[in-house]
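Reading the structure
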Amino acid sequence: MRDIGQTALMRVVFATAELSPVATVGGLAAAAAGLSAELRRLGVNVDLVMPDYGGISLIDETVTTLDVPAWVGAALVRSGRHPEVGPLHLISVPGMARSHPYLDADGRGWVDNDERFFRFSRAIAAFVEADPPDILHLNDWHTGAALAALESPPPTVVSIHNLAYQGVAGPEWLDVIGPNAEHYEWWGDTNPLSGALALADRIVAVSPHYVTEITTPEGGFGLDAALRARGDALVGILNGIDTDVWNPADNPLLVQNFDAKTLTQRPANRTALLERLGLPDDDVPLATIVTRLTHQKGVDLITPLIPLLADIPMRLGILGSGDAALAAELHRLVAAHPEHLAFVEGYDEALSQQMFAGGDLFLMPSRFEPCGLTQMQAMRYGAIPVVTAVGGLVDTVPDVDAAERSDRPTAGRGFVARSGEPTDLLAAMFRAGRRVTDRRRRAALQKRIMTVDWSWREPAKRYRDLYVELQR
Ligand code: ADP
Ligand code: GLC
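Residues numbered from 1 in each chain as written. Chains lettered and ligands numbered in written order. Predicted model: local features only at pLDDT ≥ 70, side-chain atom pairs only at ≥ 80, totals over all residues. Heavy atoms only, no water.

**Focus on the sheet that holds strand S13 (residues 315-322)**
Each strand in a sheet pairs with its neighbour through backbone hydrogen bonds, running either in the same direction (parallel) or in the opposite one (antiparallel). Taking strand neighbours across the sheet as the criterion, the 6 strands line up as S14-S13-S12-S15-S16-S17 in an open arrangement whose pairing is parallel. Edge positions in the open sheet fall to strand S14 (341-345) and strand S17 (415-417), since each of these has one partner strand only. The mean angle between the axes of side-by-side strands here comes to 20°, regardless of whether they run parallel or antiparallel. Relative to S17, strand S16 (residues 384-388) runs parallel, the two being bridged by 3 bridges. From the neighbouring strand, Val 387 faces S17, where its bridge partner is Val 416. Packing against the sheet, helix H10 (residues 324-336) makes contact with strand S12 (286-293), S13 and S14, and its axis sits at approximately 145° to S14. Across the sheet, helix H15 (residues 422-437) lies against strand S15 (361-364), S16 and S17, angled at about 170° from S17, the strand it touches most. (Pairing = 2+ DSSP bridges. Helix = DSSP H or I, 4+ residues; strand = E, 2+ residues; numbered from the N terminus. Axes fitted to C-alpha atoms, helices over the stretch in contact; angles between N-to-C directions. Contact = heavy atoms within 4.5 Å.)

**Things to note about the site of ligand 2**
Inspection of the region around ligand 2 gives 13 residues, with His 161, Asn 239, Glu 369, Cys 371 and Gly 372 positioned closest. In the environment of ligand 2, an oxygen atom lies 3.3 Å from a nitrogen or oxygen atom belonging to the side chain of Asn 162. Summarising the interface, the protein chains cover 94% of the accessible area of ligand 2, which totals 310 Å² for the free molecule. Looking at the shell around ligand 2 residue by residue, the class counts come to 6 nonpolar, 6 polar and 1 charged. (Near = heavy atom within 4 Å. Polar contact = N/O pair within 3.5 Å; in protein donor to acceptor, adjacent residues only side chain to side chain. Areas by Shrake-Rupley, 256 points an atom, 1.4 Å probe, with all protein chains shown as cover. Nonpolar A, V, L, I, M, F, W, Y, C, P; charged D, E, K, R; others polar.)

**Here we look at the pairing of S13**
Of all 8 residues in S13, 6 are buried, a share of seventy percent or more. The pairing of S12 with S13 spans 8 bridges and is parallel. Bridging from a neighbouring strand, Leu 293 pairs with Gly 322 of S13. In terms of handedness, the path from S13 via H10 over to S14 forms a crossover that is right-handed. (Buried < 20%, exposed > 50% of the residue type's maximum accessible area, 1.4 Å probe, protein only. Right-handed = clockwise from strand over helix to strand, strands pointing away.)

This is the structure:
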């Protein structure tokens, strides 16, 4: 039912560099798409604004010119309807249209990324000035400099999806980005995120535990003091996932659909996955990893444990792309341990769903994790997570054994490694392996994790409430 309260006429400009399925690099794309769609369902009028990377068709398109300073160059907005996203605005500025939003063919950042996203941010400001919304919602550093240019901005929310990326650029930008540039000065350079964090009315980190991490020197990537200074303006709201897309009951990519009540149907997916991965089909627990291969995700923390898989025992299937040296190392390890390790190099949404549906366990050894969507996707498909105790993993995966020893024995959802140290990861993998070989206890845990509401419904209401609060 539509909410016809205060939100009925509320208009929000929601700006993001990624949006599923139009331009996807990581979780930002899924989060921006999931949240904006749910806000629209709640009756919020969301103007979705993203860069025009080229090759994107809209239905009933109109083109308008934005009024921007000369350094930006020609800035146009193509507005129309995208078949999957709905109403969408694509901002075109010089240098934006590229084969990948951020990276060249060798996987290096485009040398002019600073220029591209300062121009994009300036164009967002012009878009807002032309028709001021009730709320401006910015996401990550790519959009942060919009607030440098706005002299009387609407109430503004900035979401931090990943503080590790800040887009720091040279000091020369301070002279051009706008009247509020002083807030963007950062150790002699220009930091598109620092200014946004100073000027926003509310800052949302994508999980409550991430708030506690980014306000410490260890987890703050240099911005912890700035974040602490914002006090109650910084809040944590856990992301959701699109539970219509991530639905094992009617996903056509699975060899056998199932839900929490028909768990006995699930093993057909396991058999198919083992075959696809070239691993033996027996009772040895099967764990999977689906990830970008980057330092953050900690796959290199698992590689020293690969020779021990036979002893745990456990088999592991990894799907991932990114760091070439790590990928080469994984290929080498497969050659040495073909019975226990499989590695598919790439980004493959169909295979990712099959891995969540077929694996007994899902490993996520992240060094840090602002929220993490894959552990929720895995749980929705009945794969039990084994995680490190960081960021959103703390909020979404209470440890099963610790819960059973507490006064909330059924609160557990997975197995938590105390740290990313090999011995701690190994201990969590051992505990997890033991649990999944006990069929009755495994089924009870699977039912529990599959029936948690992982959707955007509650998180979107929290954002909506925040917007309403800022309007007062
Ligand atoms: P991050 O954004 O830090 O990479 P998240 O867990 O928030 O991590 O989101 C990652 C998203 O990308 C999820 O939707 C996940 O399913 C998807 N994904 C990551 N790696 C792969 C891959 N190799 N193949 C297919 N999908 C992937
Ligand atoms: C970033 C973070 C990830 C989070 C995603 C969506 O990519 O790395 O943890 O889930 O943004 O907010």
